[in-house]
Amino acid sequence: MLIKRVHARQVLDSRGNPTVWAEVLTQKGAFSAMVPSGASTGKHEALELRDKDSAFGGNGVQKAVSNVNNQISKAVSGKDFSSQKELDDALIKLDGTKNKSNLGANAMLGISMSYTRALAAEKGIAVYDLVAQIAGQKRPLLPIPQLNVLNGGKHAGKENDIQEHMLMPMNFSSFSDALQAGAETYHVLKKMLKKKFGSQATLLGDEGGFVPPMENVEDRLELMLLACEEAGYGKKISIALDCASSEFFENGKYSIGAKSFSAGELSDFYAGLVEKFGIVSIEDGMAEDDWQGWKELNSKLGKKIQLVGDDLLVTNVERMKTAIEEKACNSLLLKVNQIGTVSESIDAALLAKRSNWSTVVSHRSGETEDAFIADLVVGLGCGQSKFGAPARSERVAKYNRLLQIEPQLARESVFSARILRG
Ligand code: 2PG
Ligand code: MG
């Protein structure tokens, strides 16, 4: 497909920080995408280029925008690329670094995602169908959503805290039913919080979940289970956590609230929570470079629950290979901006599949109304998404896109009510 031209602009994300909007123009029209941005960023992620000057407190992305408008534009405008991989490889070659520090992963991803949309239009198919074709996935699938209803840690202005407390409506026959159950439970939880603590406790964190004055993890989980019961769903909804533990790891110790844990003690603490609250998934239970801690955790809980690597893996097949060898976890958190191109994101999902891992396609805490990852999760057919609470438009944009896709899928490939491995 011939790219006529590309360009980019600086726009704002859900936290009011600048981000990259990019556009690819082809014979079929103009196709654009916006790039998300994390707060609890893993240190091994591809580089997000920020201007570090006086504008927006140093958070401007004009350099990344200019890289699209100059270097990338020169390299791809007027050129014919036969596939997503060919375009992405050209970007990777042009950048020439391991961590995309030359062009910036944010510049590259904007063009990579826009190209996916352009290519789907060229072929006259939906973006999720194109992703399925590239990934060799015969069965596009709507995901079980992980809904972050209580926000903690960096997304809620807290320290030494578990970051995400999520509802996983697993036992439903369709995505829309699962989402409805999640949204209803979210509202029941809101009422309970209001009654217990007053309206202040129902204000929202970065990912749309509530931030109540509850410091104890067990109290939070208790309340979530009560809300599930009261909403009438009981055991049909399970619980997942993203501990984001790199944020509370220092000098070999993990601190949650006033308590300090060794990796072994933390594994025991998690095992207790799993037992008591029926948790089915824990993300970043250990810190990004604590391989020994991860191995211990995986040998303790890996047969029982999903252990998702986010900061550990950073959607990077090289880090994944180490994790597979070390038996460090059993699930991939896939974030497109951690690696910077659509092809490499799909490669990570394929490696997870070959390794009998599950994959969870994830948003960032800084998002836009772009719903690209909704198509991505359906096309990959991996069966799980992490798009935040069912609130705030940058989160809901993804859920609404999934609701639009649902009636387009063949009946037999609509929804999987279980965690898929491999
Ligand atoms: C995470 C993400 C998304 P952030 O840790 O999984 O929920 O947070 O985008 O801030 O890294
Ligand atoms: Mg995470």
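About the criteria used
- Residues numbered from 1 in each chain as written.
- Chains lettered and ligands numbered in written order.
- Predicted model: local features only at pLDDT ≥ 70, side-chain atom pairs only at ≥ 80, totals over all residues.
- Heavy atoms only, no water.
- Donors = N, O, S within 2.8 Å, 3.2 Å for Na, K, Ca; no water.
- Helix = DSSP H or I, 4+ residues; strand = E, 2+ residues; numbered from the N terminus.
- Buried < 20%, exposed > 50% of the residue type's maximum accessible area, 1.4 Å probe, protein only.
- Phe/Tyr/Trp six-rings, centres within 6.5 Å; stacked < 30°, edge-to-face > 60°.
- Lys NZ or Arg CZ within 6 Å of the ring centre and 35° of its normal.
- Domains from an automatic or database assignment.
- Contact = heavy atoms within 4.5 Å.
- Buried area = accessible area lost by both parts, 1.4 Å probe.
- Salt bridge = Lys/Arg side-chain N within 4 Å of Asp/Glu carboxyl O.

Q: What should I look at first to understand the coordination of the magnesium ion (ligand 2) in this one?
A: Metal coordination angles in their ideal form are 109.5 degrees for the four-donor tetrahedron and 90 or 180 degrees for the six-donor octahedron. Protein coordination at the magnesium ion (ligand 2) comes from Asp242 (OD), Glu283 (OE) and Asp310 (OD), with a distance range of 2.0 to 2.2 Å. Motif for the magnesium ion (ligand 2), donor spacing along one chain: D-x40-E-x26-D. Taken together, the residues Asp242 in strand 6 (residues 237–242) and Asp310 in the loop between strand 11 (306–309) and helix 9 (317–326) connect sequence positions 68 residues apart. Considered together, Asp242 and Asp310 belong to a single accessibility category, that of buried residues.

Q: Teacher, can you tell me more about the packing of aromatic side chains here?
A: One pair of aromatic rings is described through two measures. These are the centre distance and the angle between the planes. Tallied over the entire structure, the rule returns 7 aromatic pairs. Taking the centre distance of 4.5 Å and the plane angle of 20° together, the rings of Tyr186 and Phe210 count as stacked. Of the two residues, Tyr186 is situated in helix 5 (residues 175–197) and Phe210 in the loop between helix 5 and helix 6 (217–230); the sequence distance between them amounts to 24 residues. Exposure remark for Tyr186: the relative accessible area of 3% places this residue in the buried category. Take Phe210: its relative accessible area is 1%, and that puts it in the buried class. Site record: aromatic cluster; members linked through ring pairs are Phe248, Phe249 and Tyr254. The side chain of Lys236 reaches across the aromatic face of Phe172, ending 4.5 Å from its centre.

Q: Explanation requested: the domain arrangement of the chain in the structure shown.
A: The extent of an interface is frequently quoted as the accessible surface area lost upon association of the parts. Along its sequence, the chain is carved into domain 1 (5–124) and domain 2 (135–413). Between the C-alpha centres of domain 1 and domain 2 there is a distance of 26 Å. Every contact between the two is made by 33 residues of domain 1 and, on the other side, 31 residues of domain 2. Here domain 1 and domain 2 share an interface that buries about 2700 Å² over both sides, 51% of which is from carbon and sulfur atoms. The largest per-residue losses of area from domain 1 upon contact with domain 2 belong to Ser14, Ser40 and His44, which jointly make up 23% of the total buried on that side. One salt bridge in this structure joins Asp370 and Arg117, with 2.9 Å as the shortest N-O distance.

Q: Is there a simple way to think about unusual backbone geometry in this case?
A: Residues other than glycine predominantly adopt negative phi, and peptide bonds predominantly adopt the trans conformation. One non-glycine residue, Asn251, lies in the positive phi region at around 50°. Residue position: Asn251 is located in the loop between strand 7 (249–250) and strand 8 (253–256). Judged by relative accessible area, Asn251 falls into the exposed class, the value being 76%. In this structure, Thr315 takes a positive phi of about 55° despite not being glycine. Its place among the elements puts Thr315 in the loop between strand 11 and helix 9. By relative accessible area, Thr315 is classed as buried at 0%.

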